[in-house]
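Listed below are the residues making up each chain.
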Amino acid sequence: MKILGIETSCDETAAAVVEDGSGIISNIVASQIDIHARYGGIVPEVASRQHLLTIIPVISQAMSKVSWQDINGIAVTFGPGLAGSLLVGVNVAKAIALAKKIPLTGVNHLEAHVYANWLNTSQTDGKGAVKFPCLCLIVSGGHSDLVLMKGHGQFEKLGRTRDDAAGEAFDKAARILGLGYPGGPAIEQAACAGVPSLPLPRAWLKESHDFSFSGLKTALWHLVDKGEVSVADAAASFQSAVADVLVVKTIEGAKQLDVEQILLSGGVAANKVLARHFLNNSPVPVLIPPAHLCTDNAAMVAACGYYHFQAGKISGYDLDVVPSLSLG
Ligand code: KG4
Ligand code: ZN
């Protein structure tokens with residue numbers, strides 16, 4: 001079964017064709033990073049206009065290896081995300097579904113991130129296969145969610161951020177340190193030349209699976225404001241503080257719930273230090289998609305859509321965007 005995935009929830013215009021929920025046939029991502037970098041963050045109106053310009057060429061490129069008759073379903077992100085951006089993908093998907101008479105399914109962007117763990121893996125030979133129940137840590141620019149996954153489409157939210165999302169914290173910290181946008185890769189690179197030696201706080205929020213990163217960001221600002229800290233050491237210390245909290249709290253949850261695996265996803269999961277902390281400390285296997293499948297893409301949307309179609313979840317032409325959609 002071949003699914004066309006379409007993703008326009010934020011600042012990436014993406015389309016992909018995926019076979020049977022894991023085999024990537026094409027995966028095209030047109031990033032708007034260079035356009036938004038000059039503003040130091042995403043400008044929603046600019047993002048939606050850019051999606052309008054690029055969505056058709058991106059879909060055409062994703063479809064260059066297959067014909068429309070081969071496509072069994074269209075999966076599109078309908079939330080959460082920026083309303084104007086989501087509208088572009090959802091309306092293009094509905095128009096194609098209607099014109100080509102292809103079934104349509106609306107996909108939750110957070111659920112799609114989790115399904116990046118199914119891509120390019122064999123789900124039958126045991127190697128890289130996902131085993132339920134698993135604990136999903138979704139860490140992106142807008143979310144830090146800890147979600148128990150009991151089966152396909154069965155999610156139970158355990159924790160979330162109470163203030164800044166992990167990726168948002170990286171972006172704000174990078175701005176404090178005068179590094180570029182997006183902040184995650186900029187901090188990771190700067191941290192390579194530093195030592196995590198600065199005293200930065202960790203918000204443990206005991207008795208809760210929630211996260212909080214705004215105090216850490218403020219503490220970093222105070223350190224920098226006092227002067228005489230090296231940017232590399234500050235980046236390494238900040239990265240290490242975020243990784244500590246994510247790793248310790250997720251592993252704690254995994255032990256409490258006795259899960260088979262931990263699944264990482266979202267842009268922050270591309271961070272190598274975070275991955276190393278997880279792999280060194282987790283008592284259960286940790287699955288982490290390759291970096292280009294952690295950040296926004298449409299292959300994950302198509303993979304998730306495959307399991308929607310398997311479960312008979314088909315959307316009507318009245319599918320609308322839900323910018324504040326949550327998972328579980
Ligand atoms: O999942 P994503 O591409 O988009 C959203 O759904 O938000 O995540 C983007 C976020 C940004 O905040 C970016 O700074 C962060 O992921 N990010 C990283 C890394 N690469 C991207 N954070 C830490 N380390 C990275 N290597
Ligand atoms: Zn995302």
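Residues numbered from 1 in each chain as written. Chains lettered and ligands numbered in written order. Predicted model: local features only at pLDDT ≥ 70, side-chain atom pairs only at ≥ 80, totals over all residues. Heavy atoms only, no water.

Take the pattern of salt bridges next. Per the counting criterion, the structure on display carries nine salt bridges. Across the pair lysine 157 and aspartate 145 runs a salt bridge, and its minimum N-O distance is 3.8 Å. One end of the pair, lysine 157, is in strand 8 (residues 154-159); the other, aspartate 145, is in strand 7 (residues 144-151), with twelve residues separating them in the sequence. When the shortest N-O distance is used, the salt bridge between aspartate 210 and arginine 162 registers 2.9 Å. Residue aspartate 210 is found in the loop between helix 6 (183-191) and helix 7 (214-226), and its partner arginine 162 is found in the loop between strand 8 and helix 5 (166-176); the two are separated by 48 residues along the sequence. The buried category is assigned to aspartate 210, whose relative accessible area is 11%. For arginine 162, a relative accessible area of 48% translates into the label partly exposed. (Salt bridge = Lys/Arg side-chain N within 4 Å of Asp/Glu carboxyl O. Helix = DSSP H or I, 4+ residues; strand = E, 2+ residues; numbered from the N terminus. Buried < 20%, exposed > 50% of the residue type's maximum accessible area, 1.4 Å probe, protein only.)

The next thing to look at is the coordination of the zinc ion (ligand 2). Distances from the zinc ion (ligand 2) to its protein donors, His109 (NE2), His113 (NE2) and Asp296 (OD), fall at 2.0 to 2.1 Å. Its four donor atoms give the zinc ion (ligand 2) angles of 96 to 136 degrees at the centre, a pattern that matches the irregular case. Within one chain, the residues serving as donors to the zinc ion (ligand 2) are arranged as H-x3-H-x182-D. Here histidine 109, found in helix 4 (residues 109-115), pairs with aspartate 296, found in the loop between helix 10 (291-294) and helix 11 (299-310); they are 187 residues apart in sequence, far enough to count as distant. With respect to class, histidine 109 is no different from aspartate 296; both count as buried. (Donors = N, O, S within 2.8 Å, 3.2 Å for Na, K, Ca; no water. Tetrahedral: all angles 85-135°; square planar, octahedral: opposite > 155°, others 65-115°.)

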